[in-house]
Amino acid sequence: LAMSHDCAKHRALINTYGIMNSILIISVFVLKGQDVRLDVQENVKLKELEFFKWTFRSANILRFTDTLSVRVSPGYNNRVEFYKGNFSLLLKNIQEGDSGPYTAVVSGTVYTIMGFYLFSERIEPPVLTVDSNSTVNVTCNVTVACRGQNSSVTSSCNSSTCSQVGGESRGAETSTVPLLSVYVAGSFIICNHSNQVSWANDTKDIVELCPMKSVSPPAGSMSVCMLKIILMSVGLVIMISAVITVHIRDRFHYG
């Protein structure tokens, strides 16, 4: 099950009968078509003549009595599984219409409200394109556009980082709107498209976009390699001349 929990809040409310209700409000992101399990957040024990039920909005999903009798509403036949041991409910094949508050109730006392379920489609792969590229002083500069599901961003990247220069990345951690982001990892520019339940990306190799080119020295200038050879040759000549001079001087002195 691909899902993430967010914004869990505990609240205590008093119902019309003066009974304290224990309520847990949770936002949950679920991939459409998958299953999700609802758990009661209290240790529920049914007494004689009491009943337990799960409701969605104002409609009953199922009703469970102290005689271990379970009655499922017609609209949820083959769509739910109920666990008598802990009163959990498994919802199957979640769709957008299933988004809303789920409530666990014991004989009129609300024990749990399982927040609002927010559902997301599996993300579509983004498309990363190159608008321009150049190499200045051996630094690669690339402008790229990252596009995906009704949003796009334009970023300026080099070999270590990217900065957004246009477009709208959209999305947020508490939203079902997909989020676009562009960044550098290793030698790749990565366009990442994600929501709370899935992600996909497209990449470009910086080395392929800005191959390093050898720079020819200007006409009439001397290469660094040639300069090193000349300096080494001059140094060698000086050393040999010094040895010869010392040798001749010694022979003349002791001659």
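Refer to the preceding data block for the structure.
Small disclaimer: the values here were computed from a predicted structure and weren't measured.

**Here we look at the nonpolar core**
Nonpolar side chains tend toward joint burial in soluble globular proteins.
Alright, step 1. Within the largest apolar cluster, 23 residues are counted, with the highest numbers of intra-cluster contacts made by Phe52, Trp54, Ile61, Leu89 and Leu91.
Alright, step 2. The set of elements that each furnish at least two residues to this core consists of strand S2 (20–31), strand S3 (36–38), strand S4 (51–56), strand S5 (59–65), strand S7 (80–83), strand S8 (88–91) and strand S9 (102–106).
Alright, step 3. Residues in contact with Phe52, not counting those within four places in the same chain, are Val40, Val44, Leu46, Leu62, Arg63, Phe64, Phe82, Phe87, Ala104, Val105 and Val106.

**A few points about the state of the cysteines**
Alright, step 1. Considering all chains together, one arrives at two disulfides under this definition.
Alright, step 2. The disulfide bridge from Cys146 ends at Cys191, spanning 1.7 Å between sulfur atoms. Taking the torsion about the sulfur-sulfur bond, which here is approximately 40°, the covalent link between Cys146 and Cys191 counts as right-handed. Separated by 45 residues along the polypeptide, Cys146 in strand S13 (residues 139–148) and Cys191 in strand S17 (residues 188–194) bring together distant segments of the chain. Taken as a pair, Cys146 and Cys191 share a single burial class, namely buried.

**Concerning the pairing of S9**
Alright, step 1. Most of S9 is tucked away, with five of its five residues classed as buried.
Alright, step 2. The two faces of S9 match: Tyr102, Ala104 and Val106 on one face and Thr103 and Val105 on the other face are all buried.
Alright, step 3. Two elements, S4 and S9, share five bridges in a ladder whose sense is antiparallel. Within S9, the residue paired with Thr55 across the bridge is Thr103.
Alright, step 4. One ladder, built from four bridges, connects S9 with strand S10 (residues 109–113); its direction is antiparallel. Counted as the bridge partner of Thr103 is Ile113 from S10.
Alright, step 5. Taking the residues between adjacent antiparallel strands as the criterion, S9 and S10 are bridged by two residues, where Ser107 takes a positive phi near 45°.

Cut-offs and rules
As a convention, each chain's residues are numbered from 1 in the sequence order in which they are written. For this predicted model, a pLDDT threshold of at least 70 governs which residues receive local features, and a threshold of 80 or more governs which side-chain atom pairs are given and counted, while totals over whole chains, interfaces and linings are taken from all residues. Each side-chain value is worked out from all heavy atoms of the structure, with water and hydrogens disregarded. We call a set of buried Ala, Val, Leu, Ile, Met, Phe, Trp, Tyr and Cys residues a nonpolar core when their side-chain atoms join them within 4.5 Å. For the exposure calls, accessible area comes from a 1.4 Å probe over protein chains only, and a residue counts as buried if that area is under 20% of its type's maximum, exposed if over 50%, partly exposed in between. Strands here are runs of E lasting at least two residues and helices are runs of H or I lasting at least four, both read from the DSSP assignment and numbered beginning at the N terminus. Any pair of residues with heavy atoms lying within 4.5 Å of one another is described as a contacting pair. Throughout, disulfides are identified as pairs of cysteine sulfur atoms within 2.5 Å of each other. Being paired, for any two strands, means DSSP has found at least two bridges between them.

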